Amino acid sequence: MILRHLQLTNFRKYRSARIEFPAGLVGIVGPNGAGKSTLFEAFAWVLFGNGMSRTGGFGLATTGSRPREPCEVEAEFEHAGEVYRIVRRLTGRGISSWAKVHRGKTLAATGPIATSRFVRQLLGADARTFLRIVYCRQGEVRGLSGDFPTRRREVIAEVADLGLLDRVLRQVREDSARFPPGPTESKNIPDDLEERLCEARLRIRSLRREEAEERGRVESKEPTLRKLQEILAEVALLSRHRAALQPILDRGEEDFGESLEGVMRRWLENRGRASALSARVAELRRMKVGVRGTSCPLCGGPIQREELLGRLSREGDECGEELRRLAREERELSELRKGAERMRDRRKAQREWDGLESRRLTLEKRAAEMKGVEGEIRLARDRCQDVQRQIQEWVGKESAMRTALDWARKRSANRRGKLLHRLAELLEEFRDALLERARIALGDPASDLLELATQGRYTDLQLDRDFRARMADGGRPFVLERFSGGERDVAGVALRVGLSRLLSFRHPAEFLILDEVLAGQDRSRRRILLAALFRLCPPLKQILLITHMEEIEDSIPAVIRIGEDENGFAQVLAPSGCDR
Ligand SMILES: Nc1ncnc2c1ncn2[C@@H]1O[C@H](COP(=O)(O)OP(=O)(O)O)[C@@H](O)[C@H]1O
Ligand SMILES: [Mg+2]
C-alpha cells in the first residue's frame, strides 16, 4: 500500500488541508501537538470508521466549527496495483456518517458500513489488525532492541495481539482462586438431589400448614370441651347432693305422724293447763295453812276443820294426778314435735331434690349435645400428631439431603477450581506456544530485513528461548548488548518490521508508520537508523516516519512539515519534496 494523499476538512485540528504523500521514506515533522498523529488517525478513520478514532464518532469535528459544517476525510491510496479513493463524512454533530469508496473510477461501495466492509476485505485485516501491522508506536522498537528479554516478550505479545488471551488467562486465574479446595472422594449422589430437596421443602411446608390447620381445629373446639367438662362436673356435684338428700326422702310421710302445727297447739294447751293446775295446787296449799286459824278463810264463819282439810287434800291430790298426766303427755308431745320438724325438713329436701334433678336433666341434655366435640378433638389431635411425625421424618430427610448437596457442591466447586486451574495452565501453554512460534518465525523476516538494512553487514538475527535477541557477527551469535546503540536500533526495527510481516499474512507489509521511534537517540544513532530505513524501501513501499525532531529534515529528502496557522489550526508548512 502507498498512501497518496489525504484531504482533511474540519477534522480535529485541521480546518482544511490536503497532504500529498510520496512513496518511500517520508518524514512527518512538527512540534508536539502540531497534528502529526492526527494524520494517521484520519487515515484509519476514513478506512474503518468511528471505531478507529481516539474518541469514537465524537469530538472529531474541529472544535468551534458549526454543527452544519461537515467533518470529512478523503484518502487516496494504491493497493495491489489499483488506486482507491475513499471519502467519509460526519454530519449532524457527528451522529451519522456517510462514506463511499471508488476503485479507479468505479464506485465500489457506498454507506459507512459497506465501505468499512469493503476495506476489510481489500486489506485482509480488520481495523485492529491493520493498526498493529502498519502502526509502530513509540517504545516498540526500543522494547525489541533493549536490554530486557521480558520487555521483548511483552512487545511481541502486544503486537501479536495476545492481550486478549492474557485477559482471559487473568480472568480464569481469578475464577479458579474463587473455588477453594473441597472433598474429592466420590460419593453416590443422585443427579436430581436438588429437585428432591426442593420437593422435601415443599412437603415440609405443606405439612406445617396441615399441622397448623389441625391445631386450629383443636383450639377452636377446646372452649366447648371445657364447657362440657364443667357441665359434667356440675352434674356429678348435683348427683352427690341428691344422694345426700336421698336418706331423708326415703322415709315416707307417714313416718312423721301429725303435723307440727297440731302438735304445737296441743303442746301449748297442755302447758296452759299444767300451769293453771300448778297455780291451784299452790292456792290449795295456802288454804290448808289458813284452815289452822279460827275462822273460815272463805266465809269467815266457824270452821268445820276436819271436813275442809279433807276437801282441800282431795282436790290437791286430783290436781297432782292431773299434773303428772300432763307431764307424761308433754313428753309424748315433745317426741311428736321432733318428728314433725323432721317432716318439715323432708319437704324442703324434696323441693331441693326436685330443683337439682331438673337442673341435672337440663345439663345432661346439653352435655349430650356437646358429646360429639370430644371425639372431634381426639380425632384432630391424632391427626396433628400424625402430621408432626411426618414433619420430623421429612425434616430429617431434608437435612440429610442438604448435607449431601452441600458436599456435592463443594466437590463440584473443587472440580471446577481444578478445571479452571488446568484451563489456565493450558491457556498459558497455548499463549507460550503462540509466542514460541512467533519467536521462531520472526527469525527469517528479521534476518532478511537486517541484511537489507545493513547492506549485508549483518545477516542473522534470532531470538533465543529466553527472548534474548542474538545477532551473528562473523558466523557467531552475540547478544545485542555487544553491538553499538545504532546497530541495536536497526535490529529493533528489523524485529518490529519482521513482526508486521508475520502478521500480514495475506499481503506483505509494505506500508509502515513509525511514530516517534527516533525519540531520545543521539545524532549518530539516528543516522544509522535512518540509513537502515532508507534501505528498507523497497521492499517496503512507504514508510511514514512521524517525529518532532525537526533536524531530520536534513537527512530525509521527503519531509512534510506540520505547523499551525495564525488561527491555531494545523496546516502543512512545506509541501513534500517527492521522490517517487
Ligand atoms: N476536535 C478537535 N478540534 C481541534 N483540535 C483538536 C481536536 N481534537 C484534538 N485536537 C488537538 O490536536 C492536538 C493533537 O494532535 P496530535 O496529532 O496528536 O499531535 P502530535 O503532532 O503531537 O502527534 C492537540 O493539541 C489537541 O488538543
Ligand atoms: Mg503524536
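All values reported here derive from a predicted model rather than from experimental measurement. (Residues numbered from 1 in each chain as written. Chains lettered and ligands numbered in written order. Predicted model: local features only at pLDDT ≥ 70, side-chain atom pairs only at ≥ 80, totals over all residues. Heavy atoms only, no water.)

Undergrad: Explanation requested: the site of ligand 1 in the structure shown.
TA: Contacts to ligand 1 come from 16 residues, most closely from Gly33, Gly35, Lys36, Thr38 and Gly59. Contacts to ligand 1 include Ser37, whose side-chain N or O atom sits 2.9 Å from an oxygen atom. Summarising the interface, the protein chains cover 70% of the accessible area of ligand 1, which totals 580 Å² for the free molecule. Among the residues making up the shell around ligand 1, the classes are represented as 4 nonpolar, 8 polar and 4 charged. (Near = heavy atom within 4 Å. Polar contact = N/O pair within 3.5 Å; in protein donor to acceptor, adjacent residues only side chain to side chain. Areas by Shrake-Rupley, 256 points an atom, 1.4 Å probe, with all protein chains shown as cover. Nonpolar A, V, L, I, M, F, W, Y, C, P; charged D, E, K, R; others polar.)

Undergrad: When you look at the nonpolar core in this model, what are you seeing that I'm missing?
TA: One recurring pattern in soluble globular proteins: nonpolar side chains tend to sit buried together. Formed by 102 residues in total, the largest nonpolar core has its most connected members in Phe43, Leu47, Leu461 and Leu545. It is helix H1 (residues 36–48) that provides the largest number of residues to this core, a total of 9 residues. If we ignore the near neighbours within four places in the chain, the residues touching Leu461 are Gly443, Ala446, Ser447, Leu450, Ala469, Arg470, Met471, Leu480, Ala491, Ala494 and Leu495. Counting 17 residues, the second largest nonpolar core, distinct from the first, contains Val218, Ala349, Leu363 and Val373. (Core = buried A, V, L, I, M, F, W, Y, C linked by side-chain atoms within 4.5 Å. Buried < 20%, exposed > 50% of the residue type's maximum accessible area, 1.4 Å probe, protein only. Helix = DSSP H or I, 4+ residues; strand = E, 2+ residues; numbered from the N terminus. Contact = heavy atoms within 4.5 Å.)

Undergrad: Whenever I open this one, the side chain of Glu72 confuses me. Can you help?
TA: Turning to its location among the elements, Glu72 is positioned in strand E4 (residues 71–79). Polar contacts involving the side chain of Glu72 include one to the side chain of Arg89, which spans 2.6 Å.

Undergrad: What should I look at first to understand the sheet that holds strand E11 (residues 476–479) in this one?
TA: Within a sheet, adjacent strands bond to each other through the backbone by hydrogen bonds, running parallel or antiparallel. On the basis of which strands lie adjacent, the open sheet formed by 3 strands has the order E9-E10-E11 and antiparallel pairing. If you trace the sheet from one side to the other, it starts and ends with strand E9 (461–463) and E11, each paired once. Strand-to-strand twist across the sheet, computed as the mean angle between neighbouring axes with direction ignored, equals 35°. Here helix H9 (residues 305–453) sits on the sheet in contact with E9 and strand E10 (469–473), set at roughly 160° to E9. Packed on one face of the sheet, helix H10 (residues 485–503) meets E9 and E10 and runs near 70° to E9. (Pairing = 2+ DSSP bridges. Axes fitted to C-alpha atoms, helices over the stretch in contact; angles between N-to-C directions.)

Undergrad: So what exactly am I meant to see when it comes to the packing of H1 against helix H3 (residues 127–134) here?
TA: Two measures define how a pair of helices packs: the angle their axes make with one another and the distance between the axes. The contact between H1 and H3 brings their axes to 11 Å, and the two run at 145°. Of the two elements, H1 crosses H3, and the hand of that crossing is right-handed. Packed against H1, whose contacting residues are Phe40, Phe43, Leu47 and Phe48, the element H3 presents Ala127, Phe130, Leu131 and Val134 at the interface. Here the contact of H1 with H3 is composed, by residue class, of 8 nonpolar, no polar and no charged. (Left-handed = near helix turned anticlockwise from the far one by under 90°.)

Undergrad: Teacher, can you tell me more about the pattern of salt bridges here?
TA: Any two side chains of opposite charge can pair, so long as their charged atoms come close to each other. Enumeration according to the criterion identifies 50 salt bridges in this entry. Two residues, Arg280 and Glu315, come together in a salt bridge whose shortest N-O distance is 2.5 Å. Highlighted residues: Arg280 in helix H8 (residues 260–291) and Glu315 in helix H9, separated in sequence by 35 residues. With relative accessibility at 26%, the residue Arg280 sits in the partly exposed group. Here the residues in one salt-bridge network are Arg153, Asp166, Arg431 and Asp432, joined through shared partners. (Salt bridge = Lys/Arg side-chain N within 4 Å of Asp/Glu carboxyl O.)

Undergrad: Looking at this structure, how should I read the packing of aromatic side chains?
TA: Aromatic rings considered in pairs are described by the distance between their centres and by the relative angle of their planes. Going through the model one piece at a time under the given rule, you end up with 9 aromatic pairs. For the pair Phe48 and Phe130, a centre-to-centre distance of 5.5 Å together with 50° between the ring planes defines the contact as tilted. Of this pair, Phe48 sits in helix H1 while Phe130 sits in helix H3; the two residues are 82 residues apart in sequence, bridging distant segments of the chain. The residues Phe48 and Phe130 share a single accessibility class, namely buried. An aromatic cluster is defined as three or more aromatic residues linked by ring pairs; in this entry it consists of Phe43, Phe48, Phe77, Tyr84, Phe118, Phe130 and Phe511. Here the basic side chain of Arg482 rests over the ring of Phe483, its NZ or CZ set 5.0 Å away from the ring centre. (Phe/Tyr/Trp six-rings, centres within 6.5 Å; stacked < 30°, edge-to-face > 60°. Lys NZ or Arg CZ within 6 Å of the ring centre and 35° of its normal.)

Undergrad: I keep staring at empty space enclosed by the protein and nothing clicks. Help me out?
TA: Rolled over the atoms, a probe with the dimensions of a water molecule shows which regions are left empty. What the rule picks out here adds up to 2 cavities of 30 Å³ or more. When its volume is computed, the second largest cavity comes out at roughly 70 Å³. What lines the second largest cavity is Leu3, Leu6, Phe21, Ile28, Lys36, Leu39, Phe40, Phe43, Phe511, Ile513, Leu544 and Ile546. Residue assignment for the lining of the second largest cavity shows that the elements contributing at least two residues are strand E1 (2–11), H1, strand E12 (511–515) and strand E13 (542–547). By residue number, the principal contributor to the lining of the second largest cavity is H1, which donates 4 residues. Its residues assigned to classes, the lining of the second largest cavity shows 11 nonpolar, no polar and 1 charged. (1 Å grid on protein atoms, 1.4 Å probe; cavity = no way out; pocket = protein on both sides within 12 Å on 5 of 7 lines; lining within 4 Å. Points joined across faces, edges and corners; volume = space filled by probe spheres on them.)

Undergrad: Can you walk me through the domain arrangement of the protein in this structure?
TA: Size of an interface, as often reported, equals the accessible area lost when the parts are brought together. Under the domain assignment used here, the protein contains domain 1 (2–144 + 488–579) and domain 2 (193–428). Centre-to-centre separation of domain 1 and domain 2, based on C-alpha positions: 118 Å. (Domains from an automatic or database assignment.)

Undergrad: Whenever I open this one, the pairing of E11 confuses me. Can you help?
TA: Residues in a regular strand point their side chains to alternate faces of the sheet. Direction of pairing for E10 relative to E11: antiparallel, over a ladder of 4 bridges. Bridge assignment links Asp473 to a residue of E11, and that residue is Arg476. The turn linking E10 back onto E11 is made up of 2 residues, and Gly474 within it adopts a positive phi angle of 60°.

Undergrad: Before we go on, may I ask you to explain the packing of H8 against H9 in this structure?
TA: Between H8 and H9, the shortest axis-to-axis distance is 8 Å and the interhelical angle comes to 160°. The orientation of H8 relative to H9 falls into the category roughly antiparallel. Considering only the axes of H8 and H9, their crossing is left-handed. Looking at the contact of H8 with H9 residue by residue, the class counts come to 19 nonpolar, 4 polar and 13 charged. (Parallel < 35°, antiparallel > 145°, perpendicular 65-115°, else oblique.)

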